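Okay, here's what each chain looks like letter by letter:
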Amino acid sequence: MKSATGAIARFDSPDHLMSAIRTLREAGFSEIEAYTPFPIHGIDEALGRQRSKLPWVVLVGGLFGAISGYLVQWYLSVVEYPLIVGGKPYDSREAWIPITFEMTILFAAFSAIGGMFLFNRLPRLHHPLFDVPTFSRATNDGFFLTVRIFEVPQDRQAISELLASCGGHDVTTLDMED
Amino acid sequence: MKVSSNDQLSVPRPRGWRLLFGLISLSLGLGLLSMLGLASNQRQFGFSYLTGFTFIASLGTGTLFWIMIHHITDAGWSVVLRRLLENYSKSLPLLLVLFVPIVMNAELVYRWTTSVEESVLAKQSWLNLPFFAIRGAIYLLIWSGLAWWLATTSSRQDATADPASSKRMQGASAPGLIVLALTTTYASFDWLMSLEPTWSSTIFGVYFWAGSIVGSLALLTLAILGLHAAGWLRNTIRTEHLHDLGKLMFGFTIFWAYIAFSQYFLIWYANLPEETSYFIARRTGSWNGLSWSLAIGQFLVPFLLLMPRTFKRNAPILGFAAAWILLFHYVDMYWLVMPTLHSEGVRVHWLDLTIPVAMLSGTLALTTWLSLGKPLVPVGDPRLSESLAFHSS
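K.L.:
With reference to specific residues and values, describe the packing of helix 8 (residues 163-191) of chain B against helix 9 (residues 204-229) of chain B.
P.N.:
What describes two packed helices is the angle between their axes and the distance between those same axes. All names here are of chain B. One can describe the packing of helix 8 onto helix 9 by two numbers: an axis separation of 8 Å at closest approach and a directional angle of 105 degrees. By the angle class used here, helix 8 and helix 9 are roughly perpendicular. Together, Thr184, Thr185, Ser188 and Phe189 of helix 8 and Phe204, Gly205, Phe208 and Trp209 of helix 9 make up the contact between the two elements. Among the residues making up the contact of helix 8 with helix 9, the classes are represented as 4 nonpolar, 4 polar and no charged.

K.L.:
With reference to specific residues and values, describe helix 8 of chain B.
P.N.:
Residue and element names in this part refer to chain B. Here helix 8 spans 40 Å end to end across 29 residues, near enough to the 42 Å set by a 1.5 Å rise per residue. Considering bend angle alone, the principal kink of helix 8 is centred on Ala174 and spans about 35 degrees; proline Pro175 follows within four residues of it. Where helix 8 begins, the capping side chain belongs to Asp162, and its oxygen is found 3.0 Å from the backbone nitrogen of Ala164.

K.L.:
Pulling in residues and values, what's your account of the packing of aromatic side chains?
P.N.:
Two descriptors summarise a pair of aromatic rings, namely the distance from one centre to the other and the angle between the planes of the rings. Residues and elements named next belong to chain B. Applying the stated criterion to the full structure yields 43 aromatic pairs over all chains. A ring pair is formed by Phe65 and Trp209, whose centres lie 5.2 Å apart and whose planes are at 80 degrees; its orientation type is edge-to-face. Taken together, the residues span a long stretch of sequence, with Phe65 in helix 2 (residues 42-72) and Trp209 in helix 9 at a distance of 144 residues. Phe65 gets classed as buried once you look at its relative accessible area, which sits at 8%. When the ring of Trp143 is compared with that of Trp191, the centres are 6.0 Å apart and the planes differ by 85 degrees; the resulting orientation is edge-to-face. Placement of the pair is Trp143 in helix 7 (residues 129-160) and Trp191 in helix 8, with a sequence separation of 48 residues. In this structure, Trp143 and Trp191 share a single accessibility class: buried.

K.L.:
Quick rundown of the interface of chain A and chain B? Include the residues and the values.
P.N.:
Taken residue by residue, the interface counts 10 residues in chain A and 11 residues in chain B. Overall, the association of chain A and chain B removes approximately 990 Å² of surface from exposure, summing both partners, and the carbon and sulfur fraction of that is 70%. Considering only the side of chain A, the residues that lose the most area to chain B are Arg51, Lys88 and Glu94 of chain A, jointly responsible for 51% of the buried surface there. Counting across the interface, chain A meets chain B through 1 salt bridge. Between Arg283 of chain B and Glu94 of chain A there is a salt bridge, with the nearest N and O atoms lying 3.6 Å from each other. At the surface where chain A touches chain B, the tally comes to 3 residue pairs in polar contact (both at pLDDT 80 or more). Class assignment of the residues belonging to the side of chain A that touches chain B gives a composition of 5 nonpolar, 2 polar and 3 charged.

Analysis parameters
Residues numbered from 1 in each chain as written. Chains lettered and ligands numbered in written order. Predicted model: local features only at pLDDT ≥ 70, side-chain atom pairs only at ≥ 80, totals over all residues. Heavy atoms only, no water. Axes fitted to C-alpha atoms, helices over the stretch in contact; angles between N-to-C directions. Helix = DSSP H or I, 4+ residues; strand = E, 2+ residues; numbered from the N terminus. Parallel < 35°, antiparallel > 145°, perpendicular 65-115°, else oblique. Contact = heavy atoms within 4.5 Å. Nonpolar A, V, L, I, M, F, W, Y, C, P; charged D, E, K, R; others polar. Expected span 1.5 Å × (residues − 1). Bend = angle between axes of the 7 residues up to and from the residue. Polar contact = N/O pair within 3.5 Å; in protein donor to acceptor, adjacent residues only side chain to side chain. Phe/Tyr/Trp six-rings, centres within 6.5 Å; stacked < 30°, edge-to-face > 60°. Buried < 20%, exposed > 50% of the residue type's maximum accessible area, 1.4 Å probe, protein only. Buried area = accessible area lost by both parts, 1.4 Å probe. Salt bridge = Lys/Arg side-chain N within 4 Å of Asp/Glu carboxyl O.

Function cannot be read off these values alone, since they describe shape.
What follows is the structure, given as structure tokens:
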């Protein structure tokens, strides 16, 4: 676990927030995170977010469900406990399809939920941001930005001034755990 | 209402006329060529014609379905697409003319017209030629009426920009969809399922409908990409809209496979001789190969092609997927019709190529002619700006 220091600022509107993001990125800061009361179009691109890796997790989960669902039925009905049902052959592939399909959906959904929790590092009962007194306004009328600063102490002063110059209020520094 | 995109919203006349001339020549040329086939092999012609006709009819009903679904859900994102669908749906009356040869050739195509089997005769109160012709005309009149009312109401809104028109179309779409669902089901029973008059499947209408939905989406996607290639509507129908069309094609590809498998699976499981005959015919000899190609071509390939987000947002790949789906939708119709004629195996005749192309270019010619000089998006729709600004996720 790596300890880093960050800064947080509150902005009055999405426009202020977006222009602050642009200024910070031009100044060379890359680890920026935004907290807003509602989704803002184009903010992912402005923050330079990569697309989530979640679809790949879901793909693997779905494939696992499909293969395991098929194999379980095949193994039980062909190898372990062969029974003639409805005059059909032991290996009646058509009959494996519905459960294979359902298992695909089930495991794809499980891996989507599980992957989402994993990538978001949930469940997490406390976050350093909750110590910032005004942060609850992120669910009301506050548009917040956090910036990470590594190692160099003089960055701390520079980033605070930069945030304030972009129209940020309540600029404070905080310790952010990874 | 002012449209904020900087596109020219109607097809300029000289190029439109050239396109129209090309489509009409193609349609008439191949149509006349097909007449030679009628003279040499009337029975083959009858079956090839039915394949082409059901293909075109399914694209028309699928289009009508999408128009009404967009209305009934009050969809904002799809407003820029709706006029293209409306223009194509206006070609539905052409099917009334195209239906005449179906009735004329019925005795060569439909066994129930001449059969003396008791099980077929028992269905005579429904399966007789005059009633068949009247029913067909009723379906086609209902579809044409719905399509023309919706399209003209929407066109009139271009000038008035009256939000009440949107509400009226939305209101009409609710009963309209029910009527469309019933008529499409009965049409598929009449035109396709009655080829095997002793066989029946209650899910058959849904199967036909699922194919028509995905086929008409593919046609719309190709039409948009064609317009883009010619330089039209590029800033109006954007990648965002194409991405959503890709998602819908992906979803309805799965829906088609789900229904196709459900139909097969229940018949396979119950294993009743009067039901399995249909699939035994399609799982013997080269027909089994065609059945597999349908499973792979109509499901697996588009399923994998349309899964990644980047593919849906890439015009050449999306266009390829749409063309592929449309082709296999036709193979699907072929698979439904032809085993009745060629029980010995797949025998592709040149008429199977000329007839659908002649019919498709005919409906597209009518569509082009009816859209010349008019806006290609509903400029009076109150939700147009929402659609222009649409952002897919």
